[in-house]
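Spelled out from the first residue to the last, the chains are:
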Amino acid sequence: MDFLTIIDYIGTFAFAISGIRLASAKRFDWFGAYVVGFVTAVGGGTIRDLMLDIPPFWMLQADYLIVTASALGFVIVFGKYVIRLNNTFFIFDAIGLGLFTVVGIEKSITHGYPMWVGLIMGTMTGAAGGVIRDTLINEVPLIFRKEIYALACVLGGLCYYLCMYLGVTETLTQIIAAVAVIIARILAVKYGISLPNLKGENQNT
Amino acid sequence: MDFLTIIDYIGTFAFAISGIRLASAKRFDWFGAYVVGFVTAVGGGTIRDLMLDIPPFWMLQADYLIVTASALGFVIVFGKYVIRLNNTFFIFDAIGLGLFTVVGIEKSITHGYPMWVGLIMGTMTGAAGGVIRDTLINEVPLIFRKEIYALACVLGGLCYYLCMYLGVTETLTQIIAAVAVIIARILAVKYGISLPNLKGENQNT
Amino acid sequence: MDFLTIIDYIGTFAFAISGIRLASAKRFDWFGAYVVGFVTAVGGGTIRDLMLDIPPFWMLQADYLIVTASALGFVIVFGKYVIRLNNTFFIFDAIGLGLFTVVGIEKSITHGYPMWVGLIMGTMTGAAGGVIRDTLINEVPLIFRKEIYALACVLGGLCYYLCMYLGVTETLTQIIAAVAVIIARILAVKYGISLPNLKGENQNT
């Protein structure tokens, strides 16, 4: 089990925890919480794979199901203490976001798509799971209103292509891009950086 | 028209009715109710087929559109009496759930996927349509909170693979698995069996 | 840049504006508004392309991203005046609906699907983006309750196949079908034509 795989599991675990916790707050049963956790973790990558016309990555190995099951077990057993671990999960989530973004970009490049598609696929891999999660629990997606989240993926993606352009080796490129996402995300939360919102009109079309 | 086809139509009809009734309660117009009914009936199978990278089954024959139209006509004409038929529809729904689960598992096996993918595909075929339905009518998905529903599909799927392992003939395997789903579902509703839910935390991540 | 491309951009722009405006009303940030606008504009065509098993159209050229960005810039700069332009946007939206419907039908025919699949694909191309939009902003989809919308696509589609049957040239067929959608939509809004809704039952299944 190499380093990347471990990071992948950590990211999956963190994403699953966030889904399971929000589902719990809505009184979902264990099965519902498991589904929401799983969808949060693999939803973005699944949409990406469908658009790239390749089999969804989690259908090729059962690991993601097992990691999600561990996350559910963790919340069931340590539920009361999970809240205190907020900072830990935030870091895990940021690490997962960075890794997922890089994975999404690489898959796009492998399939011959240009940079802007890679940016979208990277961002979608990182952020779409959370959007599906919020839709399932019937809430307005958080990431569209709070601190910079999906934009951190875009920034990381730009670093990725900048490194490629400068001829940086692939491994270093991956690390730089993922770290860029993580740092952007940490700074955004630490300093409460969010994008401006549009003046709400009260009128619907 | 063989026996399996008739069961398939009955299941589609029952699923469509459930979508149309919930859409009606939200004051959707006829077209909206039709769409919600159709999506409830074919949504799970459509996601399955997209993931298996085969054409959505309902695009190959118009039958599912026609069955949904019959369901809409039925609700329009017999609306007042539909409520009294709750028990009948519950049985239809359970039968559809059993059949859809078996269809999902078989398609997975045909495409060479392992057991755990088959369990997911079977469950998704049976239960995902209802989740999309609840999302469209802007409600928290029922199946994540009420009596055992998706888990009945998982149980039926386990029976399926157990029969396969024991060398039971294919037809008998299908019947046993479908009946297991139906019985699990009936017992769950009769005795109000539901999974525990997680203690809701009031704090969101 | 030919005539059809210009129409396509206008439709995309109008659809994106509708998504951005509704997202703004929900206090989405700029990025969220952009995503909702983009999904409103390309969501229907994306589902269609996934079902037809071809690459999503917007992944082949960056134009749709750029048009959506223009729409966002437009709302940011002219936000206050956008409301006064309601009638203009309504016409743009109707034009886009007509064009999108025709594009959806043609793609279905190209891939060898029968008429009824073409009607669904055309309607989905025109109307599904708005449904995803409403799901993302956590509202019950408007098009299932207000004036005739998706049904205008169906009517236009029927005109398309009628023209084909009568041997009308392809270009004229396209124009007639698109104009039929636009006129149906304008008449529906002008005279407040909507489908009946089903008597709401208060009971959920």
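Note that the structure is a prediction, hence the values are computed from the model and not measured.

(A) Examining the overall build of chain A more closely. Regarding its fold elements, chain A presents seven helices and zero strands. The order of helices and strands in chain A, counted from the N terminus, is α-α-α-α-α-α-α. Over its C-alpha atoms chain A spans a radius of gyration of 17 Å, differing by no more than 12% from the 17 Å that the globule rule assigns to 205 residues. The principal-axis extent of the C-alpha atoms belonging to chain A is close to 50 × 50 × 35 Å. Of all 205 residues assigned to chain A, the portion counted as buried reaches 58%. Pairs at least 24 residues apart make up 72% of the contacts formed inside chain A by residues separated by at least 6 positions. Of the roughly 8,600 Å² of accessible surface on chain A, a fraction of 67% belongs to carbon and sulfur atoms. Once the 13 positive and 13 negative side-chain charges of chain A are each reduced to a mean point, those two points are 13 Å apart.

(B) Quick look at the interface of chain A and chain B. Each partner contributes residues to the interface: chain A has 38 residues there, and chain B has 33 residues. Summing both sides of the interface, chain A and chain B together bury roughly 3,100 Å²; the carbon and sulfur share of this comes to 65%. Scanning the region where chain A abuts chain B turns up zero salt bridges. Taken together, the connections running from chain A to chain B amount to three residue pairs in polar contact (both at pLDDT 80 or more). Broken down by secondary-structure element, the contributors of at least two residues to the side of chain A that touches chain B are helix H1 (3-25), helix H2 (30-51), helix H3 (63-82) and helix H5 (115-136) of chain A. Here the side of chain A that touches chain B gets eight residues from one element, more than from any other, and that element is H2 of chain A. Residue composition of the side of chain A that touches chain B, by class: 24 nonpolar, eight polar and six charged.

(C) Looking closely at the relation of the copies chain C and chain A. Laying chain C over chain A is done by rotating through 120 degrees and shifting 0.0 Å along the axis; what remains is an RMSD of 0.0 Å. Here the symmetry operator amounts to a three-fold rotation axis.

(D) Here's a closer look at the relation of the copies chain A and chain B. In the superposition of chain A on chain B (RMSD 0.0 Å, axial shift 0.0 Å), the rotation amounts to 120 degrees. When you check the interface residues of chain A against chain B, a mere 13% turn up at the interface there too, and the two sides of the contact use different surfaces.

(E) How the structure looks around the environment of Phe 31 of chain A. Checked against the element boundaries, Phe 31 of chain A lands in helix H2. For the pair Phe 31 of chain A and Ile 20 of chain A, spaced 11 residues apart in sequence, the C-alpha separation works out to 9.9 Å. Sequence-distant contacts of Phe 31 of chain A, that is, excluding residues within four places in its chain, are made with Thr 123, Ala 150, Leu 151, Val 154 and Leu 195 of chain B.

(F) Molecular detail of the interface of chain C and chain A. Every contact between the two is made by 38 residues of chain C and, on the other side, 33 residues of chain A. The three residues of chain C that bury the most area against chain A are Asp 29, Phe 31 and Met 59 of chain C, which together make up 21% of that side's buried surface. Counting the contacts that link chain C with chain A gives zero salt bridges. On inspection of chain C and its partner chain A, the count reaches three residue pairs in polar contact (both at pLDDT 80 or more). Listed by contribution, the elements that provide at least two residues to the side of chain C that touches chain A are helix H1 (3-25), helix H2 (30-52), helix H3 (63-82) and helix H5 (115-136) of chain C.

(G) Representation of the pattern of salt bridges in the model. For the coordinates displayed, the defined rule picks out 12 salt bridges over all chains. With its nearest N and O atoms 2.9 Å apart, the salt bridge here joins Arg 133 of chain B to Asp 134 of chain B. Per residue, the accessibility class of Arg 133 of chain B equals that of Asp 134 of chain B, and both read buried. Each of Arg 48, Asp 49 and Lys 107 of chain A takes part in salt bridges that share partners, so that together they form one network.

(H) Structural view of H5 of chain A. Residues and elements named next belong to chain A. The end-to-end C-alpha distance of H5 is 31 Å, a good match for the 32 Å that 22 residues give at a rise of 1.5 Å each. Within H5, the axis deviates most sharply at Ala 127, by approximately 45 degrees. The buried count for H5 comes to 20 of 22 residues, which makes it a mostly enclosed element. Following H5 by one or two positions, Asn 138 has its phi on the positive side, about 60 degrees.

(I) Examining the nonpolar core more closely. Formed by 181 residues in total, the largest nonpolar core has its most connected members in Trp 58 and Met 59 of chain A, Trp 58 and Met 59 of chain B together with Trp 58 and Met 59 of chain C. The residues contacting Trp 58 of chain C, other than those within four sequence positions of it, are Met 51, Trp 116, Ile 120 and Met 121 of chain A together with Phe 38, Val 42, Thr 46 and Tyr 64 of chain C.

(J) Looking closely at the environment of Leu 151 of chain B. By the secondary structure assignment, Leu 151 of chain B is in helix H6 (residues 150-166). Classification of Leu 151 of chain B as partly exposed rests on a relative accessible area of 24%. For the pair Leu 151 of chain B and Thr 123 of chain B, spaced 28 residues apart in sequence, the C-alpha to C-alpha distance is 7.8 Å. Excluding anything up to four places from it in sequence, Leu 151 of chain B contacts Phe 31 of chain A together with Leu 195 of chain B.

(K) Highlighting a nonpolar patch on the surface. Residues and elements named next belong to chain A. Together, Leu 172, Ile 175, Ile 176, Val 179, Ile 183, Leu 187, Tyr 191 and Ile 193 make up a nonpolar patch on the protein surface, roughly 690 Å² of accessible area in all. Mapped onto the elements, Ile 193 comes out in the segment after helix H7 (170-190). Among the residues examined, Ile 193 registers a relative accessible area of 37% and is labelled partly exposed.

(L) Spotlight on H3 of chain C. The terminal C-alpha atoms of H3 of chain C, which comprises 20 residues, lie only 23 Å apart, well short of the 28 Å expected from a rise of 1.5 Å per residue. Along H3 of chain C, the largest kink reaches about 60 degrees and is centred on Ile 76 of chain C. Looking at the buried side of H3 of chain C, the elements it contacts are H5 of chain A together with H1, H2 and helix H4 (86-110) of chain C.

(M) The packing of aromatic side chains, seen in detail. Counting across every chain of the model gives 24 aromatic pairs over all chains. Taken together, a centroid distance of 5.7 Å and an interplanar angle of 75 degrees make the contact between Phe 13 of chain B and Phe 74 of chain B edge-to-face. Highlighted residues: Phe 13 of chain B in helix H1 (residues 3-25) and Phe 74 of chain B in helix H3 (residues 63-82), separated in sequence by 61 residues. Judged by its relative accessible area of 23%, Phe 74 of chain B falls in the partly exposed class. One aromatic cluster is present, formed by Phe 13, Phe 74 and Phe 78 of chain A through successive ring pairs.

(N) Here's a closer look at the side chain of Ser 108 of chain B. Structurally, Ser 108 of chain B is set in helix H4 (residues 86-110). Ser 108 of chain B sits in the buried class, given a relative accessible area of 0%.

(O) Highlighting the side chain of Asp 8 of chain C. Residues and elements named next belong to chain C. Tracing the sequence through the fold places Asp 8 in helix H1. The charged side chain of Asp 8 is buried without a salt bridge, its nearest counter-charge being Arg 48 at 8.5 Å. Here the side chain of Asp 8 touches Tyr 64 through a polar contact of 2.5 Å, side chain to side chain. Here Asp 8 is in contact with Tyr 64, Leu 99 and Phe 100, once residues within four sequence places are set aside.

(P) Summary view of the confidence of the model for chain A. Residues and elements named next belong to chain A. With 96% of its residues at a pLDDT of at least 70, chain A reaches an overall mean of 89. Looking across chain A, the model is least confident in H1, with a mean pLDDT of 87, and most confident in H2, with 95. Listed scores for the predicted complex are pTM 0.91 and ipTM 0.89.

The rules behind the values
- Residues numbered from 1 in each chain as written.
- Chains lettered and ligands numbered in written order.
- Predicted model: local features only at pLDDT ≥ 70, side-chain atom pairs only at ≥ 80, totals over all residues.
- Heavy atoms only, no water.
- Helix = DSSP H or I, 4+ residues; strand = E, 2+ residues; numbered from the N terminus.
- Rg over C-alpha atoms; globule rule 2.2 N^0.38 Å.
- Buried < 20%, exposed > 50% of the residue type's maximum accessible area, 1.4 Å probe, protein only.
- Contact = heavy atoms within 4.5 Å.
- Areas by Shrake-Rupley, 256 points an atom, 1.4 Å probe, with all protein chains shown as cover.
- Lys, Arg positive; Asp, Glu negative; His and termini not counted.
- Charge placed at Lys NZ, Arg CZ, Asp CG, Glu CD.
- Buried area = accessible area lost by both parts, 1.4 Å probe.
- Salt bridge = Lys/Arg side-chain N within 4 Å of Asp/Glu carboxyl O.
- Polar contact = N/O pair within 3.5 Å; in protein donor to acceptor, adjacent residues only side chain to side chain.
- Nonpolar A, V, L, I, M, F, W, Y, C, P; charged D, E, K, R; others polar.
- Least-squares fit on C-alpha atoms with pLDDT ≥ 70 in both.
- Expected span 1.5 Å × (residues − 1).
- Bend = angle between axes of the 7 residues up to and from the residue.
- Core = buried A, V, L, I, M, F, W, Y, C linked by side-chain atoms within 4.5 Å.
- Patch = residues over 30% accessible without salt bridge, like charges linked within 9 Å, V, L, I, M, F, W, Y side chains within 5 Å.
- Phe/Tyr/Trp six-rings, centres within 6.5 Å; stacked < 30°, edge-to-face > 60°.
- pLDDT = per-residue confidence, 0-100.

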